[in-house]
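Each chain, letter by letter, is given below.
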Amino acid sequence: MGPAIETAALTRRFGDFTAVREVALRVEGGQFYGFLGPNGACKLTIIKMLTGVLAPSSGSIRILGQDLTTSSAELKRQIGVVPEGMALFGRLTAREYLRFVGRMYGLDRDTTGQRTEELLEFMNLAGEDKKLVTDFSHGMQKKLALAAAVIHGPRVLFLDEPFEGVDAVAAGTLKAMLQRMTAHGVTIFLTSHVLEIVERLCTHIGVIHRGELVAQGSLEELRAGALKPSPPPRPGEELLTREAPGSRTLEQVFLEIVGTERDGSTGARAPEELSWLR
Amino acid sequence: MVEIETEPHRRTIPASAQLGAVAWLRWRMFVNSLRSRQAGGRKVGGLILAIVLRLILWPVFALWVIGPVFGAGYVAWSAIDGHKPLWLLALLAGICFLWQFIAINGSNIAASMPTFEPSSLLRFPVPFGRYVLLRSVLGLLTPSTVVGSLALLASAVGIGIAEPRLALMALLALGLYALMNIYLARMIGIWLERLLAGRRTREIFGGLLAIAIVSFQFLQLGRPKHTHESWIIDATMRSAQAMRWLPPGFAADAILGRGGLLAQFGNLLLLGAWAAVFLAGFTYRLHKQYLGEHLSDGVNNSPATARTQHRSVAEPARKRVGSIAAAERPSVPPGVLPAMLRKEWLTMRGNTGQLIGLVTPLIFVWIMSRGLFGHHPAYMLPGAVGYAILTPMAAVYNIFGPEGPGIQLYLLAPVRMRDVLLAKNIASTALLSAEAALAWLITVKASTTPIPAATQLGTLLWLVFVLAINLALGTLRSIQSPRKFMPGQTRQVRSAPTSRTSALLVLAVVTASLMLQIPVTRLSRNLHQPWLGVWIFGGLAIAGLAGYVVLLSNVDTLVQRNRDVLEKELCGV
């Protein structure tokens, strides 16, 4: 199986500001890929480019071996995405929304109807027929957005914080569904700030910091520190760096990669420096 | 567990499936919009008020449609029947101008409706040609298209009645003319969207447009005294030669059959060419959108945030704010009022659209003070002041609207809602007072006779009464019927600052209090008591202020009672 997502020198500028700089991603087909980065690292900008919502300033994007710019309509059919802000149509019921999405992705009426019912049941939304989407709770909206992202059986799925606001029971079944999808060859590109989730689900990780891809590889490679030289120890964080590289958690690895400035100085301020916590 | 099967993705998606799905989506959204989200909890009084206000509103809307349609039919009939071909040209040019003018303004009306952003369809696998078709079809029921198309249809009917042999060609030419107008409006709309992507530019444009709307209503005032015809028609007549090369000229010539059958079809062809040019301009921008062009400043937020964060990480915190141990936290922190006032000032300062919008009523006041009211100082001053404060007053009726989910801060923080609302009302009062003062100044300067001191003092007290009563009612509506809105946004988010019911309520309250001036002025004249108005409005002002104070002292209880509504309306999708 070839790469499902591949970018070369992907760059995005906004005026004179370069938000994304020469990113070279490579996600193999069937991988559960975790895309990490601190707030403002431009993860969303990259997802928008990978899903064809935002055009890159330069560089190329290939999804499932095809150039995204030349065959975007065909590729969009094979992509599932929970868009920014979920982009639900608030004045529809969940059933109406899923039926609309199914038809837009070219499913016939019967298949759309069948999958709609299955997904509503699966997401525990079947009893909410009287409610409009706008009256749903955040978690319910998230589940609906997820259902809409998978209704057409995508081959590549982009998920931005998919479990945020979702209850533990639903999150468990969703995780199982996503793992089953990868077992069926679906590639999942997931961003989340909850590193425990990423560590549990993902087999491969990419880390972006200030618009640059600073690390990429399998979880084991990342833990072993094979992808980035260890930075000099930071004051107050000796605990993180003293441990053996192979036993480190993803959180420790992530902090090591993005928690330090390029020149080796500490980026964030220590809590003791806050005047009201001294 | 349900298994998600992957699709082979070989077949192309039939156009009928996607077009049908979008049509069905629009239909369901329309049907669901008739469902009231508050139906269960709505009070009977509120329901009756809403029905009564709609009963007043709908005939007004109907007149906006019926008026131009019958007018166009009549002018077209007169042009043919009275052998005045230039009238037909002027009519078609006028329809085109109004069509585009309403279309540009229509984005604001559309934004207040429960609709969706057509570009959201881009995330679905829609081929470009189909996307162009969808974008052409979506929005055909906007006020500009409906009124413009009906006016053109009425024109064709008028022409047909006057000269039956022209009916078919009129129908054909005006049908093509309607198509041209549709694509011209689409092209202007999509290019404006591109050019006005920045919030500040958008707000300035919105303000200028509002000024243009008011000024446009008074173009007639500029007509020369010696002529009975409008100078607009006069100018159209003079520019007829140039207009021959523009769509109205080609449509008129095609209908009138100048130069024989060949020339008629030539004119139709050229009219079609104009429509094709506008379609090309529209399609060009759609294609850019389709390829993922960065347009709105909303997208810019993420990199901008990144930039700010890069900076803030490097910058050391310079200010000490005191430690927890050092400062005992009081149950209600002091300084809520100044902090709120500062926040309101910063919000107001950043909302250029609102500030420019304040100029619009003043232009109207200036025009009115030179015209209709110029010789009636007793009515002119309260009329001018009342009109000037009418538009900005609407914001008082949805005071939490611009906060959106930010309302949660007030609900969670240890602050009294009384202080929050007082600060907001002080900011609103300052703005309204400034607006009233400017209107006052304009009126006094423009008045041909001096305005008596009794009238001025009476108006001042009347203003206090109107402000107090509106602040009280506005506060009540803000708590009971809040509505999220984002100032300066033209699409995607509802941009009207208040609900229609609230807007009509403010209109009713200000109009009713203005009407109060008539009997009071008449009474003081008949009784030869020029200071009677001062006593009456003084009493009303005191009563109004007392009512406001009573409401303000109960506002925390009211907010608690309506907490769910506030959270649901302001923090929801």
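You'll find the structure just up there.
Procedures and definitions
Residues numbered from 1 in each chain as written. Chains lettered and ligands numbered in written order. Predicted model: local features only at pLDDT ≥ 70, side-chain atom pairs only at ≥ 80, totals over all residues. Heavy atoms only, no water. Helix = DSSP H or I, 4+ residues; strand = E, 2+ residues; numbered from the N terminus. Contact = heavy atoms within 4.5 Å. Areas by Shrake-Rupley, 256 points an atom, 1.4 Å probe, with all protein chains shown as cover. Buried < 20%, exposed > 50% of the residue type's maximum accessible area, 1.4 Å probe, protein only. Pairing = 2+ DSSP bridges. Axes fitted to C-alpha atoms, helices over the stretch in contact; angles between N-to-C directions. Parallel < 35°, antiparallel > 145°, perpendicular 65-115°, else oblique. Left-handed = near helix turned anticlockwise from the far one by under 90°. Salt bridge = Lys/Arg side-chain N within 4 Å of Asp/Glu carboxyl O. Phe/Tyr/Trp six-rings, centres within 6.5 Å; stacked < 30°, edge-to-face > 60°. Expected span 1.5 Å × (residues − 1).

Visitor: For this particular structure, what's the right way to read the overall build of chain A?
Guide: Helix and strand counts for chain A come out as 10 helices and 11 strands. Residue pairs at least 24 apart in sequence account for 66% of intrachain contacts in chain A once pairs closer than 6 positions are excluded. Summed over all atoms, the accessible surface of chain A reaches about 11400 Å², with 51% contributed by carbon and sulfur.

Visitor: Explain the overall build of chain B to me, please; I cannot follow it from the model alone.
Guide: Counting its regular elements, chain B contains 24 helices and 0 strands. Out of the 573 residues in chain B, the part that is buried amounts to 42%. For chain B, contacts bridging at least 24 residues in sequence account for 81% of all contacts bridging at least 6.

Visitor: It is not clear to me how the environment of L523(B) should be interpreted in this structure. Could you clarify?
Guide: Counting through the fold element by element, L523(B) comes out in helix 21 (residues 517-526). L523(B) sits 10 residues away from G533(B) along the chain, and the two C-alpha atoms are 8.7 Å apart.

Visitor: Teacher, can you tell me more about the pairing of strand 11 (residues 212-218) of chain A here?
Guide: Walk down a regular strand and you will see the side chains alternate between the two sheet faces. Residues and elements named next belong to chain A. Sheet topology note: the strand 10 (residues 204-209)/strand 11 ladder contains 6 bridges and is antiparallel. Bridging across to strand 11, I208 finds its partner in L213. In sequence, strand 10 turns back onto strand 11 through a hairpin of 2 residues, with R210 there showing a positive phi of about 50°.

Visitor: I'm lost on the packing of helix 4 (residues 128-137) of chain B against helix 11 (residues 260-290) of chain B in this one. Help?
Guide: Between two packed helices, what matters for the description is the angle formed by their axes and the separation of those axes. All names here are of chain B. As a packed pair, helix 4 and helix 11 sit with axes 10 Å apart at the nearest point and diverge in direction by 120°. On the basis of their axis angle, the class for helix 4 and helix 11 is oblique. In the packing of helix 4 onto helix 11, the handedness of the crossing is right-handed. Here F128, Y131, V132, R135 and S136 of helix 4 come into contact with helix 11, specifically with F282, T283, L286, H287, Q289 and Y290.

Visitor: Mind showing me how you'd approach the sheet that holds strand 4 (residues 32-36) of chain A here?
Guide: In sheet architecture, strand pairing relies on hydrogen bonds along the backbone and comes in two forms, parallel and antiparallel. Residue and element names in this part refer to chain A. Sheet architecture is open: 6 strands sit in the order 7-8-9-4-10-11, paired in mixed fashion. Here the strands that pair on one side only, and so sit at the sheet edges, are strand 7 (79-81) and strand 11. Ignoring strand direction, the axes of neighbouring strands in this sheet form an average angle of 15°. Sheet topology places strand 8 (residues 156-160) next to strand 9 (residues 187-191); 5 bridges connect them, and they run parallel. Looking at strand 9, one finds that F158 is bridged to F189. Running at roughly 30° to strand 10, helix 10 (residues 250-258) makes contact with strand 4, strand 10 and strand 11 of the sheet.

Visitor: What am I meant to see in the pattern of salt bridges here?
Guide: Pairing between side chains of opposite charge can happen when the charged atoms of each approach one another. Considering all chains together, one arrives at 21 salt bridges over all chains under this definition. Here D167(A) ties to K143(A) by a salt bridge, and the two come within 3.9 Å at their closest N and O atoms. With a gap of 24 residues between them, D167(A) in the loop between strand 8 and helix 6 (168-183) and K143(A) in helix 5 (residues 138-150) connect regions that are remote in the sequence. Residue K143(A) is classed as buried on the basis of its relative accessible area of 7%. One network of salt bridges, in which partners are shared, links K343(B), E344(B), E403(B) and K424(B).

Visitor: What is the right way to look at the packing of aromatic side chains in this model?
Guide: Think of a pair of aromatic rings as described by two things: how far the centres are apart, and how the planes are tilted against each other in angle. Applying the stated rule across the entire model yields 17 aromatic pairs over all chains. Where F158(A) meets F189(A), the ring centres are 5.3 Å apart and the plane angle is 55°; that geometry is what we call tilted. One end of the pair, F158(A), is in strand 8; the other, F189(A), is in strand 9, with 31 residues separating them in the sequence. Just as F158(A) is buried, F189(A) falls in that class too. Seen from their ring centres, W191(B) and Y284(B) are 5.9 Å apart, and the 5° between their planes marks the pair as stacked. A residue pair is termed long-range when its members are at least 10 positions apart, and W191(B) in helix 6 (residues 167-195) and Y284(B) in helix 11 qualify at 93 residues. Of the aromatic side chains, those joined through ring pairs into one cluster are F89(A), Y97(A), F100(A), Y105(A) and F124(B).

Visitor: Honestly, helix 11 of chain B in this entry has me stumped. Any pointers?
Guide: Because an α-helix completes one turn every 3.6 residues, residues spaced three or four positions apart along the sequence face the same direction. Here helix 11 of chain B is 31 residues long and its end C-alpha atoms lie 44 Å apart, about the 45 Å a rise of 1.5 Å per residue gives. Looking one or two residues beyond helix 11 of chain B, the residue adopting positive phi is G292(B), at roughly 95°.

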